[in-house]
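# Observations on the three-dimensional arrangement
What follows is the residue order along each chain.
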Amino acid sequence: MINKDLLNYLGSKKRCIFIIVILNCIGLLLSVLTTGSFVLAIYYFVNYAANNSDSFVNGIYALLGALGFGLLRILAGYYSSKFSVALADYVTYKLRHETYEKYLELDGKTPFTTNEMAQLSTEGIEQLRLYYSNYLPSFFYAMIAPILLFIIIMFFDWTVALLYLCCVPLIPMSIVAVSKWAKKIFAKYWNQYTALGDGFLDNTKGMKELKIFSYDQKKQEQMDGSAEGFRKITMKVLTMQLASVTIMDLVAFGGAAVGIVLSLNSMRNGLHSLVAIPSDFALYIVMFMILIGAEFFLPMRALGSAFHIAMNGATAGKKIMTLFDIPVIEDGKKELTNIETIEFDHVNFKYEENPVLVDVSFKMDKGLYSLVGLSGSGKSTMAKLLSRTIRPISGEIKINGININEFTKKSFYKNIAYISNSSYIFHTDIRSIFKFYNPNITDERIKELLKEVKLDHLPLDYVIQEDYTNISGGEKQRLTLALYLSGEFNLYIFDEITSNIDIESEEIILEKIKELSKDKIVMMISHRLKSTEYSKEVNYLEDGKIILSDTFNNLLNKDNEFSRLYKLQDSMEVVL
């Protein structure tokens, strides 16, 4: 129920949990004193009604004592909440900062997708915030509170105190019984949650291509299956939560009810007290025990309520700790100054247990090389491997015969441009955007580049609005291309740069790519097979393997999957 790695992560801040627990215990004792003073006030007022004049003043004093203890109880709760918030803020800041720093150190090379990393660093950390500030203090407080109450009630009736104490462990026993089931469910829930988001985003981006490939029906069926699986696991989570809450309520209220019955029975047959109690005061002792009896179960009941959030937070926490445990691979020592050849040598890659690339081998030199195939065939994974965003499970990727990991990061990324249909452009004026990519660029050069991509109508002080609302999708892609043309790169990777843009923009971009490939190495990923006609080599991927590799014309003039899909796309584009 307590993850040692997550607890030790707090370091010296674990004392905050200790302080919160102490304040909660003080608050419990003040609550008992408040109840005791209130019962004592009733006792005095009843005696006053029986013509005991001194009892009225004593009753007033007892009420004032109850009020004072109640105010102190509120104050203890206030400072407990304050420490909880401080602990939560500390954990949130530390986790987000260290997660971000670790992600940068790893250059994004993690076993988690970008979408899952985003969820871990937002929703996951928010749930961990509750785990640390709510669940952990509740856990330790729930262990201590029943013992304190047992000691107090024991002096008045040890049989009632023992009954309450025996009933309390039934709640954690029920939690433990559910915890193993809950861990498995929450692990599956989190994995399906992130996978569903990834799949939906990927399919939405490639909707046009899925239509062209006539693959949309199959993807819809896959998404329907994933959604149904997520619905089922969500219902299991809700069922488990409802079942555990019901069990805890039965134990809590059932135990309180049995305690009330036993207290009333003790009043009738005599209290089993460890101290002398006047006979006329027995009724009020029983009233006191009944009123504070619920306090036995409230801390453990609160722990049970926090348990479900804690389990989800602990699942996210384990993933974050897994991220922290990934060793940072040292930077390479060699300087990359030029790129003559690139080689994939028996490269394999998989996400968790799902193979994405299987024994992929091919070479590139100057020219345009296209990767095509259905969605999920491994095209973008190859681009990410080549850009060192991720690392292969086995095999090597070489530049000029040298493993790409042997080059320094600075020299490596200075030579490689990775451009996708989701490449980010800063929301500022065009001149400043170009200056970010090339600090030494002149206004004349910027105008030349804008003219090359047919954007010379845009002034240099034109500000790109948030979400690119003042430029079209095609203009955004052309501007992205111009930005990367402003630098001196030896390898250009285009990942679906012509996806979902107008025909005019696509033709402009493809023409520039054709020009680039005359003296640069260019890798282009595309769903649209017609855009690969100027390629030096077209590689068709299926299920993570290159099953066809030849020139565009040779592939088109043979009976194969490439030519069949090309004809299908061509006929559908005429319809569209």
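All values reported here derive from a predicted model rather than from experimental measurement.

Conventions used here
Within each chain, residues carry numbers counting from 1 in the order of the written sequence. Only residues with pLDDT of at least 70 are given local features in this predicted model, and only at 80 or more are side-chain atom pairs given and counted; all residues enter the totals for whole chains, interfaces and linings. To obtain the side-chain values, all non-hydrogen atoms of the structure were included, while hydrogens and water were left out. Put simply, DSSP marks the helices as runs of H or I at least four residues long and the strands as runs of E at least two long, and each gets a number from the N terminus on. For each residue, the accessible area found with a 1.4 Å probe, counting protein chains only, is set against the maximum for its type, and the residue is called buried under 20%, exposed over 50%, and partly exposed in between. Residue contacts follow a heavy-atom distance rule, with two residues in contact if any of their heavy atoms lie within 4.5 Å. To measure how exposed things are, a 1.4 Å probe is used in the Shrake-Rupley method; for residues, cover is taken only from the protein chains shown. Note on pairing: DSSP must find at least two bridges between two strands before they are called paired. Inter-axis angles, ranging from 0 to 180 degrees, are taken between N-to-C directions of lines fitted to C-alpha atoms, where helices are fitted over the stretch in contact. Here, a salt bridge means any Lys or Arg side-chain nitrogen found within 4 Å of an Asp or Glu carboxyl oxygen. Residues adjacent in sequence count toward polar contacts only when both atoms are side-chain atoms; beyond that, a polar contact is any pair of N or O atoms within 3.5 Å, and within protein one must be able to donate a hydrogen and the other to accept it.

What follows concerns the overall build of the chain. Per the secondary structure count, the chain includes 18 helices and 10 strands. When burial is assessed residue by residue, the chain has 46% of its 576 residues classed as buried. Contacts in the chain between residues at least 24 apart in sequence constitute 77% of all its contacts with a sequence separation of at least 6. As displayed, the chain offers around 28,100 Å² of accessible surface, 60% of which is attributable to carbon and sulfur atoms.

Take the pairing of strand β9 (residues 537–542) next. Regular strands have side chains that alternate between both faces of the sheet. Bridge count for strand β3 (residues 367–373) against β9 is five bridges, and the pairing is parallel. Residue pairing for β9: Gly373 is matched across the bridge by Leu541. Relative to strand β10 (residues 545–550), β9 runs antiparallel, the two being bridged by five bridges. When the bridges of β10 are listed, Glu542 appears paired with Lys545. The loop that links β9 with its antiparallel partner β10 comprises two residues; one of these, Asp543, has a positive phi angle of about 55°.

Within the secondary structure, Gly124 is located in helix α4 (residues 114–154). Residue classification places Gly124 among the buried residues on the basis of a relative accessible area of 0%. It is 6.2 Å that separates the C-alpha atoms of Gly124 and Gly313, two residues lying 189 residues apart in sequence.

Our next topic: the sheet that holds strand β5 (residues 402–403). Taken in spatial order, the four strands of this open sheet run β2-β1-β4-β5, and their pairing is antiparallel. Of all strands in the sheet, those bounded by a partner on one side alone are β2 (354–364) and β5. As paired strands, strand β1 (residues 342–351) and β2 are joined by seven bridges and run antiparallel to one another. Along β2, the bridge assignment pairs Tyr351 with Asn354. With respect to the sheet, helix α11 (residues 379–386) is in contact with β1, β2 and β4 (394–399), its orientation differing from that of β1 by roughly 115°.

Turning our eyes to something else, we now look at the pattern of salt bridges. With the rule as written, the count across this model stands at 15 salt bridges. The partner of Lys512 in a salt bridge is Glu452, and the shortest N-O contact between them spans 2.7 Å. Placement of Lys512 in helix α16 (residues 503–516) and of Glu452 in helix α14 (residues 443–452) is noted, with a sequence separation of 60 residues between them. Overall, the relative accessible area of 10% leaves Lys512 in the buried class. A salt bridge links Lys558 to Asp550, with the nearest nitrogen and oxygen atoms 3.8 Å apart. Because the salt bridges share partners, they merge into one network encompassing Arg445, Glu448, Glu452, Lys512 and Glu515.

Relative to the assigned elements, Ser133 resides in helix α4. Within polar-contact distance, the side chain of Ser133 engages the backbone oxygen of Arg129 at 2.7 Å. Those residues in contact with Ser133, other than ones at most four positions away along the chain, are Ser84, Leu87 and Ala88.

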